[in-house]
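Breakdown of the fold
Here's the letter readout for the chains.
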Amino acid sequence: MRFWKQKGSIVAAAVLLVLLCAIGMRVALLGHQFGHADDLGVAATLAEARLHPQTSAHLAEEAREKEARGQGTPRTEAMLKLAANPAASAAIDALAAYPVAAVPMKWTYAPLPFLLTPALIGPQLDYAQAKLLGRIPSLLFAIATLLAVIPLSRRLAPEAFPATALIILATLALSREFVVMSAQMHPYAATVFVATALIWLTIHDAARPALALRWREIALRALLLVLAVYTSYQAILPVAAYLASLALRDVRLSDLSLAGLRRHLPRLAAAVTLGILVGIAFLPAYLFRVRTIQAVNWNAGPGGEFVFTPGGIGAGIVKAPLFLLHNGWLTAEAMLSPSDPAGWAAAIISLAILLCALAGAAIALRALVRCLRAGADWGPLPALATFLLALTGLTLLAVLAGKLPLAPTRHMLLFLPLIAVTAAIGARRLAARLQLSFDTAAIGIAAILLVAALTSFPALWQERTDRFDEKAMAMLVGKVRPDAVLTYGLTYQMGLMPSVRAIAPVIELSDLDPQPLPAGLHRVLLISHRGPVDPATCALLAKRLPDSRAISGNGCPVGTELHPLTAQDGVEIESSQLTRNGGNGLFIALARLP
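Residues numbered from 1 in each chain as written. Predicted model: local features only at pLDDT ≥ 70, side-chain atom pairs only at ≥ 80, totals over all residues. Heavy atoms only, no water.

For the chain, the count of helices and strands is 24 helices and 5 strands. Relative to its length of 594 residues, the chain is compact, with a C-alpha radius of gyration of 26 Å against a globular reference of 25 Å. Reported as C-alpha extents along the three principal axes, the dimensions of the chain are approximately 80 × 55 × 55 Å. Going through the 594 residues of the chain one by one, you find that 52% of them count as buried. When contacts within the chain are restricted to residue pairs at least 6 apart in sequence, long-range pairs at least 24 apart make up 75% of them. For the chain, the accessible area works out to roughly 25,500 Å², and carbon and sulfur atoms hold 67% of it. Here the chain carries 49 positive and 35 negative side-chain charges, and the mean point of each set is 10 Å from the other. (Helix = DSSP H or I, 4+ residues; strand = E, 2+ residues; numbered from the N terminus. Rg over C-alpha atoms; globule rule 2.2 N^0.38 Å. Buried < 20%, exposed > 50% of the residue type's maximum accessible area, 1.4 Å probe, protein only. Contact = heavy atoms within 4.5 Å. Areas by Shrake-Rupley, 256 points an atom, 1.4 Å probe, with all protein chains shown as cover. Lys, Arg positive; Asp, Glu negative; His and termini not counted. Charge placed at Lys NZ, Arg CZ, Asp CG, Glu CD.)

Here you go:
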């Protein structure tokens, strides 16, 4: 308590206020926010896994289907060999008993964020309950991230605590995109937590004596890094950044001799050993991704504008800076804004945070150069600079190679904690240049962000309102009495409504499911949150019918009658409206099949 009083109770109170408001906004959205494929798909997968566990036989069947379609890989071949091994298949079946593995087997998600989710979700829950309970783990990861700011700030700059904590917390906690993603089932809140934890670990190890080859410390860090990777597959990038910081710690330009490198060899060996251990531990995750989805897919943009396409070496050299500047700004604005990123106020706030972050990064890089040249003590700033260079460099390489889009989508939230930390460093230096009290500057920055977030929250609440209501849907299905409810466009809402399933079977139209529809379907309700029935949907419906029929110009069987019942467009599923991935719509049509 004495420490808090010395640093100012007003700043401490501001930290508490921002923390409570940030948690309150997330709790309010928990059951209110609409769902979409990447959110509700988790609940649908777990509910299905309770009824039909993903055993070794199911995985082997998927692998055989891929090979039959000519899509076999060394991974599917290894999966078939594993399934044929009695001991391995028994282990897989034991994991399937508790469906924590069901989500990572179907989605590109790591398993650890879903340790609690299977205990919360079951096929007996109604739609509202499944949404609310299934999102609790993400809320807990978000709260853990916000709380982790306190020890991170203490490690980073104890002499400027809690003002540094206030800026980091306000930047991180009030990010509109992070608020939205904290109240969904997919694990992007867990990704932000892992990134924050790895920054803390980087700074923590910078203040300790050289680890060398102390096996107990290597084993502990190997465990932490493996847990990070199995909490978020995106953590591979910050894990590599942490290992780079560990390997380069205490390196001096004057040590670039055989004797100097020999002295540094134990720490380099420790980093390499950790990397090998993490790589070996990651092999099961690589293997069990039978349904691998390309990283550049939904996040590429409506016209692929978020993916770098050089078009030749010369053109690529010219295009790369413009691509990085333009898309980098769009990504940063969506990530940092406490309000709608389309507004002018959001642009100004995001630019101010980004400029502070760039200043903070320059300060950290200057400290790193000083260490390399003059042999200064290796502290938090040089370690942070090494982490920043490695993470940014690896990401840019992936972007310029076309393996990763630079897009205003949730996968880039990985950088939010790093930007928040460097923004706090830059804001502190700016306050000193302007001869302002850092405590006063921190309170002012937090106040601006908090006011912007709270005043824009009613619009966010309205924008994220769910259009799917189980009671209304049950009344509609009860009135129409279709032979089946067919959902398309990765729409999982209807399958999570027991009262609807009690009236008519709910079947998903998906190009991943080759099974024919049941015979005798003549009146079906087609429902989606993404868009109206189009030729592709009609063609998919025709493909799934049990008998072959002539196809009309719109892709549907000849004689099919389509009667739209409702068509309501909604907002984009991302915080930014630029990605055009579909979202909060409601499209219903009655189809009479011949």
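So much for the structure itself; the text now carries on.
The next point concerns the side chain of S510. With respect to the secondary-structure elements, S510 resides in the loop between β2 (506-508) and β3 (523-528). On the basis of relative accessibility, which here comes to 10%, the residue S510 falls in the buried class. In this structure, S510 is in contact with L540 and R544, ignoring residues within four places of it in sequence.

Quick look at the packing of aromatic side chains now. Applying the stated criterion to the full structure yields 8 aromatic pairs. Each ring, one from W107 and one from Y492, has its centre 6.1 Å from the other, and the planes form 75 degrees; the classification is edge-to-face. Of this pair, W107 sits in the loop between α7 (102-106) and α8 (117-120) while Y492 sits in the loop between β1 (484-487) and α23 (498-501); the two residues are 385 residues apart in sequence, bridging distant segments of the chain. Looking at W107, the relative accessible area reads 12%, which means it is buried. An aromatic cluster is built from W107, Y109, F114, Y188 and Y492, whose rings are joined through pairwise contacts. Note that R26 overlies the ring of F178, its terminal NZ or CZ placed 4.7 Å from the centroid. The aromatic ring of F161 is capped on one face by R154, whose charged end is 5.0 Å from the ring centroid. (Phe/Tyr/Trp six-rings, centres within 6.5 Å; stacked < 30°, edge-to-face > 60°. Lys NZ or Arg CZ within 6 Å of the ring centre and 35° of its normal.)

Counting buried positions along strand β5 (residues 586-592) gives 6 out of 7 residues, so the element sits mostly inside the fold. Bridge count between β3 and β5: 6 bridges; the pairing is antiparallel. Within the sheet, the bridge partner assigned to S528 lies in β5 and is F587. As paired strands, strand β4 (residues 561-568) and β5 are joined by 7 bridges and run antiparallel to one another. Its bridge partner lying in β5, T566 is registered against I588. (Pairing = 2+ DSSP bridges.)

Turning next to the packing of helix α20 (residues 416-433) against helix α21 (residues 438-463). Taken N-terminus to C-terminus, the directions of α20 and α21 make an angle of 125 degrees; their axes are 9 Å apart at the nearest point. Relative to α21, the element α20 is oriented oblique. Considering how the two elements wind past one another, α20 and α21 form a crossing that is right-handed. Of the residues in α21, those in contact with A424, A427, R428 and A431 of α20 are F438, A441 and I445. In the contact of α20 with α21, the residues fall into 6 nonpolar, no polar and 1 charged. (Axes fitted to C-alpha atoms, helices over the stretch in contact; angles between N-to-C directions. Parallel < 35°, antiparallel > 145°, perpendicular 65-115°, else oblique. Left-handed = near helix turned anticlockwise from the far one by under 90°. Nonpolar A, V, L, I, M, F, W, Y, C, P; charged D, E, K, R; others polar.)

The topology assignment puts L225 in helix α14 (residues 215-231). Assessed through its relative accessible area of 0%, L225 is described here as buried. C-alpha of L225 to C-alpha of A459: the two residues are 234 residues apart in sequence and 39 Å apart in space. Excluding residues that lie within four positions of it along the chain, L225 makes contacts with L198, L201, V239, Y242, L243, L274 and V278.

This next bit is on the pattern of salt bridges. Proximity of charged atoms lets side chains of opposite charge pair with each other. Across all of its chains, the model carries 8 salt bridges by this definition. Close ionic contact of D38 with R410 constitutes a salt bridge, the shortest N to O distance being 3.0 Å. Taken together, the residues D38 in helix α3 (residues 37-51) and R410 in the loop between α19 (380-400) and α20 connect sequence positions 372 residues apart. Its salt-bridge partner being E574, residue R410 comes within 2.3 Å of it at the nearest N-O pair. Highlighted residues: R410 in the loop between α19 and α20 and E574 in the loop between β4 and β5, separated in sequence by 164 residues. (Salt bridge = Lys/Arg side-chain N within 4 Å of Asp/Glu carboxyl O.)

A few words now on the sheet that holds β2. One open sheet holds the 5 strands; their spatial order is β2-β1-β3-β5-β4, and the pairing between them is mixed. Looking along the sheet, the strands with just one partner apiece sit at the ends: β2 and β4. Averaged over neighbouring strand pairs, the angle between their axes works out to 20 degrees when direction is ignored. Where helix α22 (residues 470-480) meets the sheet, its contacts fall on β1, β3, β4 and β5, and the angle it forms with β5 comes to roughly 10 degrees.

Its location among the elements puts E470 in helix α22. Of note is the side chain of E470, whose polar atom sits 2.8 Å from the side chain of S499. Setting aside residues no more than four positions away along its own chain, E470 makes contact with D126, Y127, L496, M497, P498 and S499. (Polar contact = N/O pair within 3.5 Å; in protein donor to acceptor, adjacent residues only side chain to side chain.)

Scored by pLDDT, the chain comes out at a mean of 86, with 93% of its residues at no less than 70. Predicted confidence in the chain is weakest over helix α1 (residues 2-7), with a mean pLDDT of 49, and strongest over helix α11 (residues 163-173), with 96. (pLDDT = per-residue confidence, 0-100.)

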